[in-house]
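# Structural overview for review
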Amino acid sequence: MIIAKPEVRPDGLYSQSQAARALHVDRHTVARYAARGLIKFRRRKAGRRPVTTGAEIVRCWRSVYHL
């Protein structure tokens, strides 16, 4: 994970892989964060894939770095 704040749109929707790229971690790490409740995903109606918001990615980043 990077120390710099991830550059994401707060209202944008991001897949698990896109969230991992924004946080500079592996997608499996993002899955572990989700299991621990550090980042929340919801299912899109179209395609039923899990997505999260940019604001949620930043919240996860802050909780990991305790900012």
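Values in this document were obtained by computation on a predicted structure and should not be read as measured data.

## Looking at the sheet that holds strand β3 (residues 50-53)
Strands sit in the order β1-β3-β2 across an open sheet of three strands; the sheet is antiparallel. Two strands close off the open sheet at either side, each with one partner strand: β1 (13-15) and β2 (42-43). Alignment of β1 against β3, held across three bridges, turns out to be antiparallel. Looking at the pairing, L13 lines up with T53 of β3.

## Concerning the side chain of T52
Within the secondary structure, T52 is located in strand β3. Its relative accessible area of 3% is what places T52 among the buried residues. A polar contact of 2.8 Å, which involves the side chain of T52, links it to the backbone oxygen of K40.

Quick notes on the rules
- Residues numbered from 1 in each chain as written.
- Predicted model: local features only at pLDDT ≥ 70, side-chain atom pairs only at ≥ 80, totals over all residues.
- Heavy atoms only, no water.
- Pairing = 2+ DSSP bridges.
- Helix = DSSP H or I, 4+ residues; strand = E, 2+ residues; numbered from the N terminus.
- Buried < 20%, exposed > 50% of the residue type's maximum accessible area, 1.4 Å probe, protein only.
- Polar contact = N/O pair within 3.5 Å; in protein donor to acceptor, adjacent residues only side chain to side chain.

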